[in-house]
Amino acid sequence: MEKKTHISVELENWIRNTLKTGVHPEAIVNGLIKKGYDTRLAYRILLNIVANHPVSASNTSYQYETPELGIRENVLYTSDREIRVLMRNEKPYVLHLDNVLSSEECDRLISLSMGRLQPSKVVDPKTGIERSTAGRTSHGMYFSLNENSFLTTIEKRIAEITNIPMEHGEGLQVLNYKNDQEYKPHFDYFPSSKVDPEKGGQRVGTLLIYLNDVPDGGQTIFPKLGLSIVPKKGTAVYFHYTNSLGQVDPMSLHSSSPVLKGEKWVATKWIRQGNIYPKPVKVHS
Ligand code: PD2
Ligand code: ZN
């Protein structure tokens, strides 16, 4: 049975009313599990309802949770790197991280992507189909997961930084913005009607790794926060926008401002709730 990742307002109201009639919460948890909810999520839903917090994905304010990578403090240690936290914002959860890739790794990603760049697309919120738009004028390409041993090193590092399994990540995307090119304000999460539980469900977070220093413009901007991150080669910004109840955070609206001088190269890793790939992926050692 397909795993459910969030509940409707109707189901939330039904649970609230049923609890008032004296039905034991455990019976409701078991009902949710039978309906296809993961055990932890079923308990979480019940705990929140009992504590009188709203839980359905729509119509309610986002409940903030600290993502796994936020539990660590000033330095994140991976098996091959020491990554300092440069800046942290809690709501929405945004981290700026130093030293995620070496200068050589940045250059290598750029050179591997050259020759494969195509005009960037967005997912149409009405149809769910990718299309070009004036709001996203960069060029980009996707690597497949573990395309080669170099990509595997990067994918493994990202999984260790985020504490989210590599199979939850979409293929690494490299983007190139030339003069005046930009990505207008948008959300990285899907509209709820376009979430596919068979393909990992909703996106939960994004890691953007800056592959070069941009002389002017090209900042990643969070307009609702008044926050602007200036690209610096090898650093990365992580932001998290879906909680364990499947709610999404509208405060995570963000953009890439037009490049004013030089060009911008960035690698984007979009991460989902679950495993995107039906079969186990071959890992290069
Ligand atoms: O290139 C960026 O800074 C940027 C900003 C906002 C990239 C994305 N979103 C993205 O790829 O989703
Ligand atoms: Zn984005």
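Details of the structure are given in the entry above.
Residues numbered from 1 in each chain as written. Chains lettered and ligands numbered in written order. Predicted model: local features only at pLDDT ≥ 70, side-chain atom pairs only at ≥ 80, totals over all residues. Heavy atoms only, no water.

A. Focus on the site of ligand 1. Surrounding ligand 1, one finds 15 residues, the nearest of these being Tyr177, Asp188, Thr220, His254 and Lys264. Between ligand 1 and the protein, one listed contact pairs an oxygen atom with a side-chain N or O atom of threonine 268 at 3.2 Å. At the level of secondary structure, the elements contributing two or more residues to the shell around ligand 1 comprise β8 (173-177), β9 (183-186), β15 (254-256) and β17 (264-272). It is β17 that contributes the most residues to the shell around ligand 1, four residues altogether. (Near = heavy atom within 4 Å. Polar contact = N/O pair within 3.5 Å; in protein donor to acceptor, adjacent residues only side chain to side chain. Helix = DSSP H or I, 4+ residues; strand = E, 2+ residues; numbered from the N terminus.)

B. Quick peek at the sheet that holds β8. The nine strands lie next to each other as β1-β2-β3-β14-β10-β17-β8-β7-β4, forming an open sheet whose pairing is antiparallel. Every other strand in the sheet has two partners, leaving β1 (75-78) and β4 (118-119) as the edge strands with one partner each. Two elements, β1 and strand β2 (residues 81-89), share four bridges in a ladder whose sense is antiparallel. Among the inter-strand pairings, valine 75 is bridged to a residue of β2, identified as arginine 84. Contacts between helix α5 (residues 149-162) and the sheet are confined to β1, β2, β3 (93-97), β10 (203-210), β14 (236-240) and β17, with β1 contributing the most and set at about 135° to the helix. (Pairing = 2+ DSSP bridges. Contact = heavy atoms within 4.5 Å. Axes fitted to C-alpha atoms, helices over the stretch in contact; angles between N-to-C directions.)

C. Looking closely at the side chain of threonine 220. Examined against the element boundaries, threonine 220 turns out to sit in strand β12 (residues 220-222). Polar side-chain contacts of threonine 220 include one of 2.6 Å to the side chain of tyrosine 210. Those residues in contact with threonine 220, other than ones at most four positions away along the chain, are Leu208, Tyr210, Leu227, Ser228, Ile229, Ser255 and Lys264.

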